[in-house]
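Here are the chains, one letter per residue:
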Amino acid sequence: MFTISLVGPPNSGKTTLFNKLSGQKIKTVNYPGATVDYFSADFDKKYEINAHLIDTPGIISLIPTSIDEIITIEGIYSHPEFGTPDLIITTIDASQLSRHLILVNDLIEANFNVVVIITMNDILARKNFSIDENKLSEELNLPVFKIDLTKDNGIDELIHFIKTEVENNFEKRVINKISEDTFTLVNKYNRISEIEKKVLFPTKTNSKNITKDFNNLHKPDEISLKIDSVLLNGTWGLLIFFLAMSVTFASVFWLASPIMDLIDSAFALSSESILGIWGNNWFTQLLANGLIAGFGSVAVFIPQILILFLILGILEDTGYLARGAMLVDKPLSKIGLNGRSFAPMVSGFACAVPAIMAARTIPNKRERLLTIFILPLLSCSARIPVYLLLIGFLVPTTGSLTAGIILASIYLLSIISSLVAAGIINKLKNKVITEQDHSSFILELPTYKIPRLNNVFFNAYLSTKSYITGAGPIIMIFSVILWALTFFPAGIDNSIYNENDSFEQELIENSYASNIGKFLEPAVSPLGVDWRVGVAIITSFAAREVFVSSMALMFQVNISDEDSIQKSLLKNMQKAKKSDGTKVFTTSSIIGLIVFFIIAMQCVSTLAITKKETGSWRIPILQFFIYTFSAYFLAVISVNLINFFGIA
Amino acid sequence: MKVRNASQLLNGEQSEILGIDYNHPSARRIIEVGFTPGEEIKVIGKSLFDDPIAFSIRGTVIAIRKSEASSIIIR
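Q: What's the story with the overall build of chain A in this structure? I'm lost.
A: Within chain A, the regular secondary structure consists of 29 helices and 10 strands. Its C-alpha atoms give chain A principal-axis dimensions of about 95 × 55 × 45 Å. Across the 648 residues that make up chain A, the buried fraction comes to 53%. At a minimum sequence separation of 6, the contacts of chain A that also span at least 24 residues come to 73%. As presented, chain A carries roughly 29100 Å² of accessible surface, and 62% of it is formed by carbon and sulfur atoms. Positive and negative side-chain charges in chain A, numbering 52 and 57 respectively, have mean positions lying 7 Å apart.

Written out as structure tokens, the structure is:
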């Protein structure tokens, strides 16, 4: 089938054109060694074109400088599924003509079959210039079309052109690699600048000074410059930046938590109903406590992740995220990171899985690996239920100011720990991360724009989907394994259900999980807790939030109580005693657990995606041991310090 | 005349590019994004400690590190 690739620089209207041309069936394209990223589709039926359409991420030239550029450019040359494109549609911004023609020049040099689409003609008109597309076509020796993407002007001509290409063009071209010589690049630019002067003409006919007009053309957007004079101003800029980030986090939290509670109760209710209707046997137990509970623990984070990616998408689409990256580049580069680490780090608060994939945009290998290394330290949404339970024990009144302050301190601690870890690993030169590469930060600060919400929604949907498909199956599998460990061998014997109401306690006490827990008790007793918490901690290595449901199992929460699960769990935690009669949960042991959960590397999906993205088990294994052991020792130290100072 | 580079420009200051230090490891990307001899640049903003620096170039704004700006020789 005829294959058409859309290729263009960032911010050139490429994705908007893709959305215009494509039909309903858009699917993500997978690459060997990479996951999502870009889309393929068939043409919208109304155009009657029988061809594949592939959208590619924005690039500046055909010479890559980062992993995502390498993948993109290899995909343009020869796509593993669709092969070399029969036609490349390239979009260029009319007001950025010389900069964007560099890519067109590369595509010509590589001998691709190219058609050029000129977008953003309205912006050029505002600068009192217009472009002669016939002249440009003549200069480049390529077909050129002007398209107004907001009003669809010019799209019919493009469709007609594509149709004739699909029907008549069977020529297979020989595609070349292009020259990487830096010296010839300047000459290329000079040639392009000459072309620009030939094809652009001022619309004001009474203009006396053409040179002056061209200088005006090369001035950035006035409004953006005014906004930047405040937002990029050293101290004020940083202050506004931190304020914006704090508001982002607070709003994600307050928007998501009611929906999360709703989802949580819905799954708890369906588990209960299954047991209520079909009674207790191994199958209903598997269904209710294994499968549905596992599905619920995946679903419960969707609102949080979706909302964070929505806000992040809005920040990106307005153009502010690029400014944020610039503002934090210097401090981050001091500890071996990069301004471009910033967006992945913010995503890390939702879920490490999409965040690790987002680190691909960092051109420097070392900085990229270091960013990936520290991302699991940023408190992801899976830790929230754990924190809320533990804070609920410390501060009994929910939603109080003290609880809020503790939660904020936990987040602050998680940020500090990630920065300290980056600093230490960076200082260790090549002991932890062996790769060396020259550090660079070159980023276009796009014109401020009103975000295109359908774009933002679509991207947030994709990131959320990558969490569901990336982390979901592993969480599900481990939920079932976990259920089996707490169910067998006692659960097979059906008589256990008839004997008493608290059979769940009996199940656990006679399960494999309790054998493991009791065996490991010496390891958790320095934390001031007993084997039951040990079991809950072990299960949390499948996914952190599993800790809460395991705690509910271990401390025999009876769902038939009038209180919520959380309340009755907290009640039972207050009463829980160790074998020597002392309390399991004290201020010190709870704080110890919080410290452990901030630092420990407890997520199988994160380890799996890190292996995939870094290409070896080295980094995930190091992460696992370094973080988990540091978490353990810091937790033990905290517990003993608090006990030493005599806080009950 | 002493050779000046773009990292020495003050906020709001304008100048013309004379050349690029090809030995700088980022030279290729710096040129690709539009910093070529003959172009006018202007400092739009500077982050903390004057690093990175945002320049207006060819009708857009591009932020680059101070060390990268020092490879751009100006009038």
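Q: It is not clear to me how the sheet that holds strand E6 (residues 72-74) of chain B should be interpreted in this structure. Could you clarify?
A: Across a sheet, strands are paired by hydrogen bonds formed along the backbone, either parallel or antiparallel in direction. The strand order across the open sheet built from 7 strands is E10(A)-E5(B)-E4(B)-E3(B)-E2(B)-E6(B)-E1(B), with neighbouring strands paired in antiparallel fashion. Edge strands, defined here as strands with exactly one partner in the open sheet, are strand E10 (442-445) of chain A together with strand E1 (4-5) of chain B. In this structure, E1(B) lies alongside E6(B), joined through 2 bridges in antiparallel fashion. Bridged to B:Asn5 within E6(B) is B:Ile73.

Q: Honestly, the packing of helix H17 (residues 384-394) of chain A against helix H27 (residues 587-599) of chain A in this entry has me stumped. Any pointers?
A: Helix-helix packing is characterised by the crossing angle of the two axes and by the distance between the axes. Residue and element names in this part refer to chain A. It is the contact of H17 with H27, at a shortest axis distance of 10 Å, that shows an interaxial angle of 160°. Classified by the angle between their axes, H17 and H27 sit roughly antiparallel to one another. Seen along the crossing, H17 lies across H27 with a hand that is left-handed. Of the residues in H27, those in contact with Val386, Tyr387, Leu390, Phe393 and Leu394 of H17 are Thr587, Ile590, Ile591, Leu593, Ile594, Phe597 and Ile598.

Q: I'm lost on the packing of aromatic side chains in this one. Help?
A: Here the distance between the centres and the angle between the planes together describe a pair of aromatic rings. Residues and elements named next belong to chain A. Using the criterion set out here, one finds 21 aromatic pairs over all chains in the structure. Among the aromatic residues, ring-to-ring pairing joins Phe541, Phe624, Phe625 and Phe629 into one connected group. It is Lys518 that lies over the ring of Trp531; its NZ or CZ is 4.7 Å from the centre.

Q: Sorry if this is basic, but what is going on with the nonpolar core here?
A: Most often, soluble globular proteins have nonpolar side chains that are buried together. Counting residues in hydrophobic clusters, the biggest one holds 115 residues, and the most contacted among them are A:Val533, A:Phe547, A:Met551, A:Met573, A:Phe585 and A:Tyr627. Dropping the residues within four chain positions of it, A:Tyr627 is found in contact with A:Phe373, A:Ile374, A:Leu377, A:Ala421, A:Ile425, A:Ile599, A:Ala600, A:Met601 and A:Leu622.

Q: How do you make sense of the interface of chain A and chain B when you look at a structure like this?
A: One frequent convention defines the size of an interface as the accessible area lost when the parts assemble. Contact with chain A, which involves 43 residues of that partner, is made by 34 residues of chain B. Carbon and sulfur atoms make up 60% of the surface buried where chain A meets chain B, a total of about 3600 Å² over both sides. For the pair chain A and chain B, the number of links is 4 salt bridges. Between A:Glu367 and B:Arg65 there is a salt bridge, with the nearest N and O atoms lying 4.0 Å from each other. On inspection of chain A and its partner chain B, the count reaches 23 residue pairs in polar contact (both at pLDDT 80 or more). The leading source of residues in the side of chain A that touches chain B is helix H7 (residues 182-199) of chain A, at 6 residues.

Q: Quick question: what am I supposed to make of the side chain of B:Asn5 here?
A: Residues and elements named next belong to chain B. Looking at the element boundaries, Asn5 is found in strand E1. The class for Asn5 is buried, based on a relative accessible area of 16%. Separated by 2.6 Å, the side chains of Asn5 and Ser7 make a polar contact. Excluding anything up to four places from it in sequence, Asn5 contacts Ala69, Ser70, Ile72, Ile73 and Ile74.

Q: Got a minute to help me understand the pattern of salt bridges in this structure?
A: Side-chain pairs of opposite charge can arise where the charged atoms are in close proximity. A complete count under the given rule lists 20 salt bridges over all chains for this structure. For A:Glu109, the salt bridge goes to A:Lys188, with nearest N and O atoms at 3.1 Å. One end of the pair, A:Glu109, is in helix H3 (residues 97-109); the other, A:Lys188, is in helix H7, and 79 residues separate them in sequence. The class for A:Glu109 is partly exposed, based on a relative accessible area of 31%. Salt-bridge contacts for A:Asp329 lead to B:Arg65; the nearest nitrogen and oxygen are separated by 2.7 Å. Of this pair, A:Asp329 sits in helix H13 (residues 320-334) while B:Arg65 sits in the loop between strand E5 (60-64) and helix H2 (66-69), placing the two residues on different chains.

Q: What's the story with the pairing of strand E6 (residues 114-119) of chain A in this structure? I'm lost.
A: Two faces, one strand: in a regular strand the side chains alternate between the faces of the sheet. Residues and elements named next belong to chain A. Of all 6 residues in E6, 6 are buried; the element is thus mostly enclosed. On E6, burial covers both faces: Val114, Val116 and Ile118 on one face and Val115, Ile117 and Thr119 on the other are all buried. As paired strands, strand E5 (residues 87-93) and E6 are joined by 6 bridges and run parallel to one another. Opposite Thr91, over in E6, you have Ile117 as the bridge partner. Handedness of the E5-H3-E6 crossover: right-handed.

Q: Before we go on, may I ask you to explain the packing of helix H28 (residues 604-614) of chain A against helix H29 (residues 618-644) of chain A in this structure?
A: Residues and elements named next belong to chain A. Orientation of H28 relative to H29, taken along the N-to-C sense of each, is 145°, at an axis distance of 7 Å. In contact with Leu607, Thr610, Lys611 and Thr614 of H28, H29 contributes Ile619, Pro620, Gln623 and Phe624. When grouped by side-chain class, the residues that make up the contact of H28 with H29 number 4 nonpolar, 3 polar and 1 charged.

Q: I keep staring at the environment of A:Ala350 and nothing clicks. Help me out?
A: All names here are of chain A. Mapped onto the elements of the fold, Ala350 is located in the loop between helix H14 (342-347) and helix H15 (352-358). For Ala350, a relative accessible area of 1% translates into the label buried. Setting aside residues no more than four positions away along its own chain, Ala350 makes contact with Ile305, Leu308, Phe309, Cys380 and Ser381.

Q: What is the right way to look at the confidence of the model for chain A in this model?
A: Close inspection of predicted coordinates is inappropriate in any region flagged by low pLDDT. The share of residues in chain A with pLDDT of 70 or more is 93%, and the mean pLDDT across the chain is 85. Predicted confidence is poor over residues 30-36 of chain A, with pLDDT under 50, and the contacts of this stretch with residues over four places away or in other chains come to 18 contacts.

Q: How should I be thinking about the environment of B:Ser26 in this particular structure?
A: Position of B:Ser26 among the secondary structure elements: in the loop between strand E2 (14-20) and helix H1 (27-32). Leaving out residues up to four positions away in the same chain, B:Ser26 has contacts with A:His438, A:Ser440, A:Ile442 and B:Glu68.

Q: I would appreciate a short explanation of unusual backbone geometry in the present structure.
A: Generally, phi is negative for residues other than glycine and the peptide bonds are trans, each holding for most cases. A cis amide bond links B:Asp51 with the next residue in sequence, B:Pro52, at an omega value of -5°. Mapped onto the fold, B:Pro52 is located in the loop between strand E3 (40-46) and strand E4 (53-57). In the Ramachandran plot, A:Asn111 falls in the positive-phi region, its phi being about 75° despite a non-glycine side chain. Counting through the fold element by element, A:Asn111 comes out in the loop between H3 and E6. Unusually for a residue other than glycine, A:Asn141 sits at a positive phi of about 60°. The topology assignment puts A:Asn141 in the loop between helix H5 (133-140) and strand E8 (144-146).

Q: Where do I start with a nonpolar patch on the surface in this structure?
A: A cluster of nonpolar residues, A:Trp617, A:Ile621, A:Phe625, A:Phe629, A:Phe633, A:Leu634, A:Ile637, A:Leu641, A:Phe644 and A:Phe645, forms a patch on the protein surface that exposes about 1100 Å² of accessible area. Within the element layout of this structure, A:Phe644 appears in helix H29.

Q: Would you mind showing me how to read the side chain of A:Thr248 here?
A: Residues and elements named next belong to chain A. Along the polypeptide, Thr248 turns up in helix H10 (residues 234-278). A distance of 2.7 Å separates the side chain of Thr248 from the backbone oxygen of Ala244, its partner in a polar contact. Setting aside anything within four residues of it in sequence, one finds Thr248 in contact with Leu308, Ile311 and Leu315.

Q: Help me understand the domain arrangement of chain A, please; the structure alone is not making it clear to me.
A: Assigned domains within chain A: domain 1 (2-217) and domain 2 (234-427). A C-alpha centroid distance of 37 Å is found between domain 1 of chain A and domain 2 of chain A.

Conventions used here
Residues numbered from 1 in each chain as written. Chains lettered and ligands numbered in written order. Predicted model: local features only at pLDDT ≥ 70, side-chain atom pairs only at ≥ 80, totals over all residues. Heavy atoms only, no water. Helix = DSSP H or I, 4+ residues; strand = E, 2+ residues; numbered from the N terminus. Buried < 20%, exposed > 50% of the residue type's maximum accessible area, 1.4 Å probe, protein only. Contact = heavy atoms within 4.5 Å. Areas by Shrake-Rupley, 256 points an atom, 1.4 Å probe, with all protein chains shown as cover. Lys, Arg positive; Asp, Glu negative; His and termini not counted. Charge placed at Lys NZ, Arg CZ, Asp CG, Glu CD. Pairing = 2+ DSSP bridges. Axes fitted to C-alpha atoms, helices over the stretch in contact; angles between N-to-C directions. Parallel < 35°, antiparallel > 145°, perpendicular 65-115°, else oblique. Left-handed = near helix turned anticlockwise from the far one by under 90°. Phe/Tyr/Trp six-rings, centres within 6.5 Å; stacked < 30°, edge-to-face > 60°. Lys NZ or Arg CZ within 6 Å of the ring centre and 35° of its normal. Core = buried A, V, L, I, M, F, W, Y, C linked by side-chain atoms within 4.5 Å. Buried area = accessible area lost by both parts, 1.4 Å probe. Salt bridge = Lys/Arg side-chain N within 4 Å of Asp/Glu carboxyl O. Polar contact = N/O pair within 3.5 Å; in protein donor to acceptor, adjacent residues only side chain to side chain. Right-handed = clockwise from strand over helix to strand, strands pointing away. Nonpolar A, V, L, I, M, F, W, Y, C, P; charged D, E, K, R; others polar. pLDDT = per-residue confidence, 0-100. Patch = residues over 30% accessible without salt bridge, like charges linked within 9 Å, V, L, I, M, F, W, Y side chains within 5 Å. Domains from an automatic or database assignment.

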